[in-house]
Amino acid sequence: MTASSSHWLQRSRDAVWHPCTQMKRHEQLPIIPIARGDGVWLEDFDGKRYLDSISSWWVNLFGHNHARIKNAIKDQLDSLEHVILAGFTHRPVVELSEKLHELSGLGHAFYASDGASATEIALKMSFHYWRNCGQPDKHRFVSLQHSYHGETAGALAVTDVPLFSATYAPLLQSNLRVASPDARQAQPGENAADVALRAIADVEKLFRREAGQIAAIIVEPLVQGAAGMLMYDPVYLTRLRALCDRYHVHLIADEIAVGFGRTGTLFACEQAGIKPDFLCLSKGITGGYLPLSCVLTSDDIYNAFYDDDVSRGFLHSHSYTGNALACRAALEVLAIFEEEDVLTRNAEKASLFNQHLAWLQTTPGIRHIRQRGMIWAFDVDTSRSDFSLAFFRAMLDRGCLTRPIGNTVYFMPPYVLEDSHMRQLSECTQEVLALLAQDNGAPGRSQDTPLP
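Scoring rules and cut-offs
- Residues numbered from 1 in each chain as written.
- Predicted model: local features only at pLDDT ≥ 70, side-chain atom pairs only at ≥ 80, totals over all residues.
- Heavy atoms only, no water.
- Salt bridge = Lys/Arg side-chain N within 4 Å of Asp/Glu carboxyl O.
- Helix = DSSP H or I, 4+ residues; strand = E, 2+ residues; numbered from the N terminus.
- Buried < 20%, exposed > 50% of the residue type's maximum accessible area, 1.4 Å probe, protein only.
- Contact = heavy atoms within 4.5 Å.
- Pairing = 2+ DSSP bridges.
- Axes fitted to C-alpha atoms, helices over the stretch in contact; angles between N-to-C directions.
- Parallel < 35°, antiparallel > 145°, perpendicular 65-115°, else oblique.
- Left-handed = near helix turned anticlockwise from the far one by under 90°.
- Nonpolar A, V, L, I, M, F, W, Y, C, P; charged D, E, K, R; others polar.
- Core = buried A, V, L, I, M, F, W, Y, C linked by side-chain atoms within 4.5 Å.
- pLDDT = per-residue confidence, 0-100.
- Phe/Tyr/Trp six-rings, centres within 6.5 Å; stacked < 30°, edge-to-face > 60°.
- Lys NZ or Arg CZ within 6 Å of the ring centre and 35° of its normal.

Trainee: For the pattern of salt bridges, give the residues involved together with the corresponding values.
Mentor: Inspection of every chain in the model, using the stated rule, returns 25 salt bridges. Taking the shortest distance from any N to any O, the salt bridge between Asp245 and Arg241 comes out at 2.9 Å. Residue Asp245 and its partner Arg241 are both found in helix H9 (residues 235–247); the two are separated by 4 residues, about one turn of the helix. Given a relative accessible area of 46%, Asp245 falls into the partly exposed group. On the basis of relative accessible area, Arg241 is assigned to the buried category, the value being 11%. Linked by salt bridges that have partners in common, Arg68, Glu332, Glu339, Glu340 and Arg345 make up one network.

Here it is, written out as structure tokens:
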């Protein structure tokens, strides 16, 4: 007989330290043990289902238990599960690297296991490139206000979310910040492009003054995710690419969250018509099935490391670099995009979901309704200090997994979302917002405290 959810809850509390979580919270809010997944649904050991509107932390593209991805992994198991990638290679990693080059215009893929590692790799490569080129003074990095690029030491040094970075400040390199092009900052009579142009002027001022010390600028193209799904106009990226060329600064595009169709194009940078010097990928790359990340870069950067001197090589490594199972899953994901016209279908789904969410436009206390591709977000005017936790819990009670960021509610669902799922999410959201507005809770602004 299968054990109940309460059984696995207790065992998890006794043994597992959960990520991005104040564990003491689980004295009041139980951890949810999940037994299985299917499509947009997660199911616990007691049979209760939850609609996964955040793609299990933005990774699951085509739903849980997807036959094609699952079968590709099973097939790969029959030939090779893993081999050291230092001095060896294998078919899935070669074919995936070739395919990513074809799609991005960047080559020589360097692999790791997670997004923060991809950020570390790009930062180290940029620093080392300038050193190999005889410019060791170019060692600092620029990032946007409210940026998030991961939680390893190098990634935290270019992350501007104090909740994650402040504790570790003594460990982190001092870097530079520039204004966010967040479209919500538009003044009366302005549009998103006006905000982006103001923000790019801040970059130019910094580059003019400090370019001799700057190795690279790192940005989340079009959507700053962990900051609350801040969205901005593509003109920012177009102008940024030109500034990076003029002042000899690398452009690192962190598409860990926004790559693979999330913004409406395969890569978000496509909407600005640019190619970065480094492209960081993870999350959706395997459809959410296995850990994998990748950094793609230009031939110019690769060639700066190609030398008889071992110390000029890029010696960074991970034990599971280029894992064969993960690469095979990623190849199947790319095949699904190509063979099932995913981007066109996503555009149709986005239009339909916009119709389901039209009531937001006339709901008091709802601000900055925004959408790009398969990402939706809006801000809630509330005096509740516990808004994110209260919303999260009330939606779970109604069978929906959401994860607000402060007072921002967002949806980033799997691409297999259908009309009935959209209707459920919309109706439950409307009901919960009305409920929380009636029970206004404790005074004070909503806090960006991470949910369990």
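Trainee: Account for the environment of Leu243, with residues named and values stated.
Mentor: Mapped onto the elements of the fold, Leu243 is located in helix H9. Considered as a pair, Leu243 and Gly115 are 128 residues apart in the sequence and their alpha carbons are 26 Å apart. Leaving out residues up to four positions away in the same chain, Leu243 has contacts with Ile200, Val203, Glu204 and Phe207.

Trainee: So what's going on with the sheet that holds strand E15 (residues 400–401)? Which residues, and what values?
Mentor: Overall, mixed pairing links the 4 strands, which are arranged E1-E2-E3-E15 in an open sheet. Each having just a single partner strand, strand E1 (34–38) and E15 make up the two edges of the open sheet. As paired elements, strand E2 (residues 41–44) and strand E3 (residues 49–52) share 3 bridges and run antiparallel to each other. If you follow Glu43 over to E3, its bridge partner there is Arg49.

Trainee: Pulling in residues and values, what's your account of the packing of helix H13 (residues 387–397) against helix H14 (residues 419–438)?
Mentor: For any two helices packed against each other, the geometry is given by the interaxial angle and the distance between the axes. Where H13 meets H14, the closest approach of the two axes is 10 Å, and the angle between their N-to-C directions is 130°. Compared by their axis directions, H13 and H14 come out oblique. Every pair of crossing elements has a handedness; the one defined by H13 and H14 is right-handed. Contacts between H13 and H14 involve Phe387, Ala390, Phe391, Ala394 and Met395 from the former and Leu425, Cys428, Thr429, Val432, Leu433 and Leu436 from the latter. In the contact of H13 with H14, the residues fall into 10 nonpolar, 1 polar and no charged.

Trainee: Talk me through the nonpolar core; I want residue IDs and the actual numbers.
Mentor: Counting residues in hydrophobic clusters, the biggest one holds 106 residues, and the most contacted among them are Phe207, Ile217, Tyr236 and Phe260. The greatest single-element share of this core, amounting to 10 residues, is contributed by helix H11 (residues 324–339). Those residues in contact with Ile217 that sit more than four places away from it in its chain are Val142, Val178, Val203, Phe207, Leu240, Cys244, Val249, His250, Leu251 and Ile252. Counting 23 residues, the second-largest nonpolar core is a separate cluster that includes Ala118, Ala122, Met125 and Phe278.

Trainee: Just give me the short version of the environment of His108, but keep the residues and values in it.
Mentor: Structurally, His108 is set in strand E4 (residues 107–112). Residue classification places His108 among the partly exposed residues on the basis of a relative accessible area of 43%. When the C-alpha atoms of His108 and Leu296 are compared, they prove to be 6.2 Å apart, with 188 residues separating the residues in sequence.

Trainee: Break down the pairing of strand E12 (residues 293–297) for me, with residues and values.
Mentor: Burial within E12 is extensive, with 5 of its 5 residues counted as buried. Residues Ser293, Val295 and Thr297 point to one face of E12 and Cys294 and Leu296 to the other, with burial holding for every one of them. Strand direction decides the pairing type here: E4 and E12, joined by 4 bridges, are antiparallel. Its bridge partner being in E12, Gly107 is matched across the sheet by Thr297. Strand direction decides the pairing type here: strand E11 (residues 278–281) and E12, joined by 4 bridges, are antiparallel. When the sheet's bridge partners are listed, Leu281 is paired in E12 with Cys294.

Trainee: If you had to explain the confidence of the model for the protein chain to someone new, which residues and values would you point to?
Mentor: Counting all residues, the mean pLDDT for the protein chain is 94, and 97% of those residues have values of 70 or more. Low pLDDT (under 50) marks residues 441–448, which in the prediction has 29 contacts with non-local residues, meaning those over four places away or in another chain.

Trainee: I'd like to hear about H13, residue by residue, with values.
Mentor: Counting buried positions over the 11 residues of H13 gives 8, a clear majority of the element. Taken together, the buried positions of H13 are Phe387, Ser388, Ala390, Phe391, Phe392, Ala394, Met395 and Leu396. Buried residues along H13 sit against E3, strand E14 (375–380), E15, strand E16 (408–411) and H14. Directly after H13, the chain includes Gly399, whose backbone phi takes a positive value near 80°.

Trainee: Can you lay out the packing of aromatic side chains for me, pointing to particular residues and giving the numbers?
Mentor: A ring pair, where both rings are aromatic, is described by two values, the distance of the centres and the angle of the planes. Within this structure, the stated rule accounts for 16 aromatic pairs. Here the aromatic rings of Phe353 and Trp376 are separated by 4.7 Å at their centres, their planes lie at 70°, and the arrangement is edge-to-face. Placement of Phe353 in helix H12 (residues 342–356) and of Trp376 in strand E14 is noted, with a sequence separation of 23 residues between them. When its relative accessible area of 4% is taken as the criterion, Trp376 is described as buried. These aromatic residues form a ring-pair network of at least three members: Phe62, Phe337 and Tyr415. Over the ring of Trp130 we find Lys138; its NZ or CZ atom is 4.6 Å from the centre of that ring.

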